[in-house]
Amino acid sequence: MADNLPSEFDVIVMGTGLPESIIAAACSRSGQRVLHVDSRSYYGGNWASFSFSGLLSWLKEYQEESDTVTESSWQEHILDSEEAIELNRKDKTIQHVEVFYFASQDSNEDVEEAGALQKNHSSVASANFTEAVSSLCQPTEDDSLNAAGCGVALESTPSSDPESAQEVNDAQVAGEKENHSDDKTSPEETSENVPIVEDIAEQPKKNRITYSQIIKEGRRFNIDLVSKLLYSRGLLIDLLIKSNVSRYAEFKNITRILAFREGRVEQVPCSRADVFNSKQLSMVEKRMLMKFLTFCMEYEEHPDKYKGYEEITFSQYLKTQKLTPNLQYFVLHSIAMSSESSSSTTDGLKATKNFLHCLGRYGNTPFLFPLYGQGELPQCFCRMCAVFGGIYCLRHSVQCLVVDKESRKCKAIIDQFGQRIISKHFIVEDSYFSENTCCRVQYRQISRAVLITDRSVLKTDSDQQISILTVPPAEDAGTSAVRVIELCSSTMTCMKGTYLVHLTCTSSKTAREDLEPVVQKLFGPYEEPELEHEEIEKPRILWALYFNMRDSSDISRNCYNDLPSNVYVCSGPDCGLGNDKAVKQAETLFQQICPNEDFCPPPPNPEDIILDGDSLQPEASESSATAEVSSEIPVENTSLGNPEEPCE
């Protein structure tokens, strides 16, 4: 592959995360020659999504990377007038990985899934990552699924205590890890290649989900490494519509916003209709809430009502308003989603206004979620880059950047094959830099948990609810609020009869220490009911993963040692709910590279494209003007306008 690569580009992008992919698309769209490489075997970096087997294979990759040290041979390619900035050969952005399984294993079931990582039961729990994803399973000759990759049969060993939570210490991989894009299947492909399990309600034991079923239906899962939502009037939605990249993706509206108060989960009314239909609020509270929310929508026009409170927190400001404790809680934690101790009055009012501003564009909540997971978004922009001539190479690592000693500009890269590729500009994702380059950088950490559960945290008539819940920290706990996003099967992220739950917060300890108290409040371990009609109070956990992820956002360029001026740093995911930081960063870096170019303009109308030898007809200018007017929201609202309709 490397032998066939051109030796010169305008822009080289390393890493396929969301900001890098947006920059690559913008540069390619503006006519730059773009090479986009990633040392990983999948798109998205820490923004990626995986099937169940793909996620466990990803964990295995991390364990292998931590044990493997490859020799570098770039020194022989460096001239006397040059010096090199060596790049990282190991991704160290994920730490403290702990995997647990709770669902029972049916020893009589024969389980196969293409490329599936299998689990042998063990009564020994280990917090060590290396033990959590250790041994490699050999594939069997029987491959009944007839899909890409190797089919593996699960040989189950019954646990001595099947009802207790046990950590995966023998996670296993069959064959070579598949490309991330191969792990995803369209609904049509899924129905052809993967056997559909019979309706759980028709089985003798109602709602009984086994680990075997999770493995068998593993391709129906799309598990995000980073948990985010899209504000319906946020920068990313605007960019998707403007650039026409939205045609590559589909979205669903978040159906409800929840609050956890006094030990129970309840739904928060946020739209005008929700407020007046709510049975939780009295008529007086409804009037109070509507009056306050109306003020928040235009708070900047009434500075006298908040200017005197700018020095106090938003939580303290709410206490000065005519709001009951119940309303204060809803506004602070479920609408503004602000910190009780650190968010200022201005920050809280701004967040509340943004929430209200996004209501009603695509549904009765402000948020959208991409079908098949957050990992679809980087791939959408990569498609746009490729359409305009960008070249992509996965599994293609870069050994070093070549810097000219005299000009102090980066002039080329040397890849894993020793090929020197020249470029004018270099976009590098933070994790690619070595410890020497990042020794002065102080990174924060994000605590993440991913759960597979058997039912929703708030049961309703519909089992297809997509929910967001903020759990405030306990008093004097020294931790931050935990954001919980619960996804149903219609989002194409989990199998029917289960829910995929993401928990996220800023780290103070390991992910398990930060998030397990919230998990215990909301969920219970998987246990069979003793009586046939006995109701379990809490949703039951079938499988759980905890890990810490590096937060490299908001780091000054000056913290990196000796970076040439034409090398630009892209950060990984931040802890925030939206994607505005990634879009702002991409646009800022693009304007530095192409200062006079439009950022991701709409694609040209095919009718206006003039081939060599054609002459411009008089009608062409008129149709061009019409295209400019009509290429904005009305065209794109067909795909983004009805996100609440299930796309199955």
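Up top you'll find the structure we're talking about.
For clarity, every value in this text was computed on a predicted model and none was experimentally measured. (Residues numbered from 1 in each chain as written. Predicted model: local features only at pLDDT ≥ 70, side-chain atom pairs only at ≥ 80, totals over all residues. Heavy atoms only, no water.)

Enquirer: Tell me what's going on with the pairing of strand S26 (residues 567-570), and back it up with residues and numbers.
Expert: Of the two faces of S26, the one holding Val 567 and Val 569 and the one holding Tyr 568 and Cys 570 are both buried throughout. Alignment of strand S19 (residues 425-429) against S26, held across four bridges, turns out to be parallel. Among the inter-strand pairings, Ile 427 is bridged to a residue of S26, identified as Tyr 568. (Buried < 20%, exposed > 50% of the residue type's maximum accessible area, 1.4 Å probe, protein only. Helix = DSSP H or I, 4+ residues; strand = E, 2+ residues; numbered from the N terminus. Pairing = 2+ DSSP bridges.)

Enquirer: Pulling in residues and values, what's your account of the sheet that holds strand S18 (residues 420-422)?
Expert: Taken in spatial order, the four strands of this open sheet run S4-S16-S17-S18, and their pairing is antiparallel. The outermost strands of the open sheet, each flanked by one partner alone, are strand S4 (82-86) and S18. Across the sheet, the mean angle separating the axes of adjacent strands is 30° when strand polarity is ignored. The pairing of strand S17 (residues 410-415) with S18 spans three bridges and is antiparallel. Its bridge partner lying in S18, Ile 413 is registered against Ile 421. (Axes fitted to C-alpha atoms, helices over the stretch in contact; angles between N-to-C directions.)

Enquirer: I'd like a rundown of the packing of helix H1 (residues 18-29) against helix H13 (residues 376-387), residues and numbers included.
Expert: Between two packed helices, what matters for the description is the angle formed by their axes and the separation of those axes. In the contact formed by H1 and H13, the axes pass within 8 Å of each other and the chain directions differ by 20°. When the axis of H1 is compared with that of H13, the two are roughly parallel. Judged by the sense of rotation from one axis to the other, the crossing of H1 with H13 is left-handed. Of H13, the residues touching H1 (which contributes Leu 18, Ser 21, Ile 22, Ala 24, Ala 25, Ser 28 and Arg 29) are Leu 377, Pro 378, Phe 381, Cys 382, Met 384 and Cys 385. Of the residues that constitute the contact of H1 with H13, the class distribution is ten nonpolar, two polar and one charged. (Parallel < 35°, antiparallel > 145°, perpendicular 65-115°, else oblique. Left-handed = near helix turned anticlockwise from the far one by under 90°. Contact = heavy atoms within 4.5 Å. Nonpolar A, V, L, I, M, F, W, Y, C, P; charged D, E, K, R; others polar.)

Enquirer: Pulling in residues and values, what's your account of the environment of Arg 89?
Expert: Within the secondary structure, Arg 89 is located in the loop between S4 and strand S5 (94-101). Assessed through its relative accessible area of 44%, Arg 89 is described here as partly exposed. Taking C-alpha positions, Arg 89 is 8.8 Å from Ser 39, a pair spaced 50 residues apart along the chain. One polar contact links Arg 89 to Glu 86, side chain to side chain, over a distance of 3.4 Å. (Polar contact = N/O pair within 3.5 Å; in protein donor to acceptor, adjacent residues only side chain to side chain.)

Enquirer: Just give me the short version of the nonpolar core, but keep the residues and values in it.
Expert: Judged by nonpolar contacts, the single largest core of 75 residues is most densely connected at Phe 52, Phe 292 and Trp 543. There are two domains that each give this core at least three residues, and those are domain 1 (8-92 + 372-441 + 554-593) and domain 2 (272-358). One finds Tyr 43, Leu 236, Leu 368 and Ala 586 within the second-largest nonpolar core, a separate group that totals 44 residues. (Core = buried A, V, L, I, M, F, W, Y, C linked by side-chain atoms within 4.5 Å. Domains from an automatic or database assignment.)

Enquirer: I'd like a description of the environment of Pro 370, backed by residues and values.
Expert: Looking at the element boundaries, Pro 370 is found in strand S14 (residues 367-370). By relative accessible area, Pro 370 is classed as buried at 0%. In this structure, the C-alpha to C-alpha distance between Pro 370 and Leu 229, residues 141 residues apart in sequence, is 8.2 Å. Beyond its immediate chain neighbours, meaning those up to four positions away, Pro 370 contacts Leu 230, Glu 250, Phe 251 and Leu 377.

Enquirer: Give a description of the pattern of salt bridges that names residues and reports values.
Expert: In the structure shown here, the tally under the stated rule is 24 salt bridges. Note that Lys 424 is salt-bridged to Asp 10, the shortest N-O span being 3.4 Å. Placement of the pair is Lys 424 in the loop between S18 and S19 and Asp 10 in the segment before strand S1 (11-14), with a sequence separation of 414 residues. A residue is classified by how much of its surface remains accessible, and Asp 10, at 7% relative accessible area, is buried. For the salt bridge of Glu 83 with Arg 408, the shortest nitrogen-to-oxygen distance reads 2.7 Å. (Salt bridge = Lys/Arg side-chain N within 4 Å of Asp/Glu carboxyl O.)

Enquirer: Go over helix H12 (residues 345-358), please, and point to the residues and values.
Expert: With 14 residues, H12 should reach 20 Å at 1.5 Å per residue; the first-to-last C-alpha distance of 20 Å fits that figure. What H12 keeps buried is the set Thr 345, Gly 348, Leu 349, Thr 352, Phe 355, Leu 356 and Cys 358. The secondary structure elements touched by the buried residues of H12 are strand S10 (230-231), strand S12 (256-261), helix H9 (283-297), helix H10 (314-320), helix H11 (325-335) and S14. (Expected span 1.5 Å × (residues − 1).)

Enquirer: Pulling in residues and values, what's your account of the packing of helix H7 (residues 235-243) against helix H16 (residues 580-593)?
Expert: At a minimum axis separation of 8 Å, H7 and H16 run at an interaxial angle of 55°. With respect to their mutual orientation, H7 and H16 come out oblique. Contact with H7, carried on its side by Leu 235, Leu 236 and Leu 239, involves Asp 580, Val 583 and Lys 584 of H16 and no other residues of that element.

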